[in-house]
Amino acid sequence: MPSNTPSPPGPAAVLCGLAGWVPPRVVTNDELAARLDTDDAWIRTRTGIRSRHIAEPGQATSDLAVEAGRLALRSAGGAPADAVIVTTTTPDRPCPATAPVVATRLGLAGAAAFDVGAVCTGFVYGLATAAGLIAAGVARRVLLIGADTYSTIVDPLDRTNAIIFGDGAGAVVLRAGAVDEPGAVGHFDLGSDGAHEDLITVAAGGSRQRSTGGEPTHTERHFAMRGKEVYRHAVTRMAASARATLEQAGWKTDDVDHFVPHQANLRILHSVADDLGLPRERCVANVDAVGNTGAASIPLALADAATRRRICPGDRLLLTAFGGGLTWGSCLMTWPELAPHPSPHPQPERTTR
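Residues numbered from 1 in each chain as written. Predicted model: local features only at pLDDT ≥ 70, side-chain atom pairs only at ≥ 80, totals over all residues. Heavy atoms only, no water.

(A) Structural context of unusual backbone geometry. Omega for the peptide link from C95 to P96 comes to 5 degrees, which places this bond in the cis form. Here P96 lies in the loop between β5 (83-87) and α4 (99-105). Although it is not a glycine, V119 adopts a positive phi angle of roughly 55 degrees. Checked against the element boundaries, V119 lands in the loop between β6 (112-116) and α5 (122-135). Its relative accessible area of 19% is what places V119 among the buried residues. You will see that H187, though not glycine, has its phi angle at about 55 degrees, which is positive. (Helix = DSSP H or I, 4+ residues; strand = E, 2+ residues; numbered from the N terminus. Buried < 20%, exposed > 50% of the residue type's maximum accessible area, 1.4 Å probe, protein only.)

Now the structure itself:
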């Protein structure tokens, strides 16, 4: 059953910095169609995606995380963080964690640094973890980064998955503050169901595969997803988690100004909004321009909406996500006043390279 976590008794985690970063290279649907048995219309109809950003050869998840983290720290006024959390499905290496190298490259050597692995729910799990560190007095300021380079684990010739995923990183800075001030993150609902671990997998590279001996197959090295079953679970779990979170806070659906779901694909986003009875226009989405960026998707969507001034101080936000594991989670917040920051790659002007 999902765990309903009440607001912590200590200081609240208050969002005070935000940024997103995507690699400059853009891959359009037409470019994918040149190597896959598909076309732009087929991809848009099923996913709502028109383009995605892809990392250059040799560019790792930590490189994207550092770019987003630097911008988020600048957005928060430049003060250092005393803890760094990187949530990712595509760490630079199985060992060590990616967060320590990111912290050092950002000039935060000595800060607590660790990774969180909850696949596409990672950012919400990371928010809850950061809130716990702040409530416990372990940290006063936390840099949380969601970063993924799915291009490194998705088979480029896999027609089903290559059209969905992109690379990117999004980051927030959270500081200790009061539970009733704008930007305070709270009323979390987190859950998991390992009975369905096989729905979203990369079979090779872990101790399960390595312990069996022998070289992994081509299929085992790449991302695999049972799409129809994932769709059903995603809609059901995200809607239920969102409802549980609203109930904790005593909010009604009409109290939500903006719904910010994990950017899986447009059909899932709209299906969850419909299930909750939320008008689709309240659904914050940038999946059309960046694709599914895993743990980076929610902070990237937030950064894009903030840059476009679609979300404004005082707006009430519902965040929800679903990922492999299975995992899911939701939380609520009221949007704060943030220092503006220019987007390094404004979405509308991007073209295929």
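(B) Looking closely at the packing of aromatic side chains. Across all of its chains, the model carries three aromatic pairs by this definition. Considering the side-chain rings of F165 and F223, the 4.9 Å spacing of their centres and the 65 degrees angle between planes classify their relative orientation as edge-to-face. Here F223 lies in the loop between α7 (218-221) and β11 (224-225) and F165 lies in the loop between β7 (141-149) and β8 (167-177), a separation of 58 residues in the sequence. Residue F165 is classed as buried on the basis of its relative accessible area, which comes to 6%. For F223, a relative accessible area of 6% corresponds to the buried category. Three or more aromatic residues link up through ring pairs in this structure, and these residues are Y150, F165 and F223. Directly above the ring of W42 sits R159, whose terminal nitrogen or CZ lies 4.0 Å from the centroid. (Phe/Tyr/Trp six-rings, centres within 6.5 Å; stacked < 30°, edge-to-face > 60°. Lys NZ or Arg CZ within 6 Å of the ring centre and 35° of its normal.)

(C) Representation of α5 in the model. End to end, α5 covers 20 Å across 14 residues, agreeing with the expected 20 Å (1.5 Å per residue, within 8%). In terms of burial, α5 is a largely internal element, twelve of the 14 residues being buried. Taken residue by residue, α5 has G122, F123, V124, Y125, G126, L127, A128, A130, A131, L133, I134 and A135 as its buried positions. A positive phi of about 80 degrees marks G137, the residue just after α5. (Expected span 1.5 Å × (residues − 1).)

(D) Seen up close, the pattern of salt bridges. Following the criterion strictly, the structure yields 14 salt bridges and no others. For E215, the salt bridge is made with R221, and the minimal N-O distance between the two is 3.9 Å. The exposed category is assigned to E215, whose relative accessible area is 69%. In this structure R221 comes out as partly exposed when scored by relative accessible area, which is 42%. Bridged by salt links that share partners, the residues D198, R226 and E229 form one connected network. (Salt bridge = Lys/Arg side-chain N within 4 Å of Asp/Glu carboxyl O.)

(E) Just the packing of helix α8 (residues 227-249) against helix α9 (residues 266-276), in detail. Relative to each other, α8 and α9 sit at 40 degrees, their axes nearing to 9 Å. Comparing their axes, α9 and α8 come out oblique. Judged by the twist between their axes, the crossing of α8 over α9 is right-handed. Seen from α8, the contacting residues are Y231, A234, V235, M238, A239, A242 and R243; seen from α9, they are R267, I268, S271, V272, D275 and L276. (Axes fitted to C-alpha atoms, helices over the stretch in contact; angles between N-to-C directions. Parallel < 35°, antiparallel > 145°, perpendicular 65-115°, else oblique. Left-handed = near helix turned anticlockwise from the far one by under 90°. Contact = heavy atoms within 4.5 Å.)

(F) How the structure looks around the environment of A249. Mapped onto the elements, A249 comes out in helix α8. Judged by relative accessible area, A249 falls into the partly exposed class, the value being 24%. Through-space distance from the C-alpha of A249 to that of A224 is 37 Å; in sequence the pair is 25 residues apart. Among residues more than four places away in sequence, those in contact with A249 are H187 and L332.

(G) Spatial organisation of the nonpolar core. In this structure, Y150, F259, V272, L276, L318 and F322 are the most contacted members of the largest nonpolar core, which totals 41 residues. Listed by contribution, the elements that provide at least two residues to this core are α8, α9, β13 (316-323) and β14 (327-334). When residues of this core are assigned to their parent elements, the largest contribution, seven residues, is made by α8. The contacts of L318, once residues within four sequence positions are left out, are A242, L246, V256, H258, F259, V260, L276, S330, C331 and L332. Listed in part, the 40 residues of the second largest apolar core include A83, L302, A303 and L319. (Core = buried A, V, L, I, M, F, W, Y, C linked by side-chain atoms within 4.5 Å.)

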